[in-house]
Amino acid sequence: MLTRIDHIGIACHDLDATAEFYRATYGFEVLHAETNEEQGVREAMLRINGTDDGGATYVQLLEPTRADSPVGRWLAKNGEGVHHIAFGTADVEGDSEAIRAKGVRVLYDRPRPGTMDSRITFLHPKDCHGVLTEIVTAAPPGTPGEGSGH
Ligand code: CMX
Ligand code: CO
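These figures come from a predicted structure and were not determined experimentally.

Visitor: What should I look at first to understand the side chain of aspartate 6 in this one?
Guide: For aspartate 6, the position within the fold is in strand S1 (residues 2-11). Here aspartate 6 falls in the buried class, since its relative accessible area comes to 5%. Separated by 2.9 Å, the side chains of aspartate 6 and arginine 4 make a polar contact. Discounting residues that sit within four places of it in the chain, aspartate 6 has contacts with Met45, Ala56, Thr57, Tyr58, Ala86, Phe87, Gly88 and Val136.

Have a look at this one:
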């Protein structure tokens, strides 16, 4: 069951400058940053609030590590802005298979590694009224990447 908004993914040219904008303007701090070469991004997670299922909601800032990556191609075409939304669930496999059975294209056969040891998959934007949609399961509590960010 999808229980929360996990994050809003925002594509930017300069991760550090964009993170500084979020800090200076809103007071949101970078909780975690990493590079995901498979996805072709440097990314920073800004924790906004906890949620009633024990998870959390983030802004995810994304800078491409190469032009020929989903975010690199998208930035070249659209410029900076909101790239995707992510819904959180305890069961990314089950929920994405249930969504696939409804005729929506799920991009991966099985979930792949996401930020903070999460597992992620994506739904094709053309099947979701123009919104690239990510489904994410946070790392279990007690692990370094658990949803509360500890
Ligand atoms: N939001 C909405 N629509 C999008 C989109 C996005 N982020 N990205 C592409 N599209 C649309 C395009 O506008 C285009 O529409 P038109 O045909 O009407 O012009 C269509 O989808 C195809 O676009 P494209 O530029 O040819 O892009 P690709 O087909 O090569 O890739 C997609 C699209 C969804 C398969 C690719 O972006 C993808 O694999 N995304 C999932 C992975 C990802 O985004 N990783 C980065 C984030 C990692 C993280 O969150 O941790
Ligand atoms: Co994301």
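There's more to say after this.
Visitor: Where do I start with the site of ligand 1 in this structure?
Guide: As a matter of local geometry, ligand 1 sits amid 18 residues, with Gln39, His83, His84, Lys126 and Glu134 nearest to it. Within the contact set of ligand 1, a nitrogen atom lies 2.7 Å away from a side-chain nitrogen or oxygen of glutamine 39. A distance of 3.1 Å is found between an oxygen atom of ligand 1 and a side-chain nitrogen or oxygen belonging to histidine 84. The set of elements that each furnish at least two residues to the shell around ligand 1 consists of helix H2 (70-78) and strand S5 (81-89). Top contributing element to the shell around ligand 1 by residue count: H2, with five residues. Grouping the amino acids of the shell around ligand 1 by side-chain chemistry returns eight nonpolar, five polar and five charged.

Visitor: Looking at this structure, how should I read the coordination of the cobalt ion (ligand 2)?
Guide: Ideal coordination angles are 109.5 degrees for a metal with four donors arranged tetrahedrally and 90 or 180 degrees for a metal with six donors arranged octahedrally. His7 (NE2), Gln60 (OE1), His84 (NE2) and Glu134 (OE) make up the full set of protein donors to the cobalt ion (ligand 2), lying at 2.0 to 2.2 Å. For the cobalt ion (ligand 2), all donor residues lie on one chain, and their spacing in sequence is H-x52-Q-x23-H-x49-E. Taken as a pair, histidine 7 in strand S1 and histidine 84 in strand S5 lie far apart in primary sequence, 77 residues in all. Under the relative-accessibility criterion, histidine 7 is labelled buried at 1%.

Visitor: For this particular structure, what's the right way to read the nonpolar core?
Guide: Most often, soluble globular proteins have nonpolar side chains that are buried together. Ile10, Cys12, Leu15, Ala19, Tyr22, Ala44, Leu46, Val59 and Leu61 together form the largest nonpolar core, which totals nine residues. Going through the elements one at a time, helix H1 (15-26), strand S3 (41-50) and strand S4 (56-64) are the ones with two or more residues in this core. Per-element tally for this core: the top contributor is H1, with three residues. When residues no more than four places from it in sequence are discounted, the contact partners of tyrosine 22 are Ile10, Gly27, Phe28, Leu46, Val59 and Leu61. Counting residues in hydrophobic clusters, the runner-up holds seven residues, among them Val92, Ile99, Val104 and Leu123.

Visitor: Would you take a moment to explain the pattern of salt bridges for this structure?
Guide: According to the stated counting rule, one finds eleven salt bridges in the structure shown. Ionic pairing is found between arginine 42 and aspartate 16, a salt bridge with its closest N-O pair at 3.3 Å. With arginine 42 in strand S3 and aspartate 16 in helix H1, the pair connects residues that are 26 residues apart, well separated along the chain. When its relative accessible area of 51% is taken as the criterion, aspartate 16 is described as exposed. Ionic pairing is found between arginine 112 and glutamate 38, a salt bridge with its closest N-O pair at 3.9 Å. Placement of the pair is arginine 112 in strand S6 (residues 112-113) and glutamate 38 in the loop between strand S2 (30-36) and S3, with a sequence separation of 74 residues. According to the relative accessible area criterion, arginine 112 is partly exposed, its value standing at 32%. Among the charged side chains, a network of salt bridges with common partners joins Arg4, Asp6 and Asp53.

Rules and cut-offs
- Residues numbered from 1 in each chain as written.
- Chains lettered and ligands numbered in written order.
- Predicted model: local features only at pLDDT ≥ 70, side-chain atom pairs only at ≥ 80, totals over all residues.
- Heavy atoms only, no water.
- Helix = DSSP H or I, 4+ residues; strand = E, 2+ residues; numbered from the N terminus.
- Buried < 20%, exposed > 50% of the residue type's maximum accessible area, 1.4 Å probe, protein only.
- Polar contact = N/O pair within 3.5 Å; in protein donor to acceptor, adjacent residues only side chain to side chain.
- Contact = heavy atoms within 4.5 Å.
- Near = heavy atom within 4 Å.
- Nonpolar A, V, L, I, M, F, W, Y, C, P; charged D, E, K, R; others polar.
- Donors = N, O, S within 2.8 Å, 3.2 Å for Na, K, Ca; no water.
- Core = buried A, V, L, I, M, F, W, Y, C linked by side-chain atoms within 4.5 Å.
- Salt bridge = Lys/Arg side-chain N within 4 Å of Asp/Glu carboxyl O.

In short, shape yes, function no, at least from these values alone.
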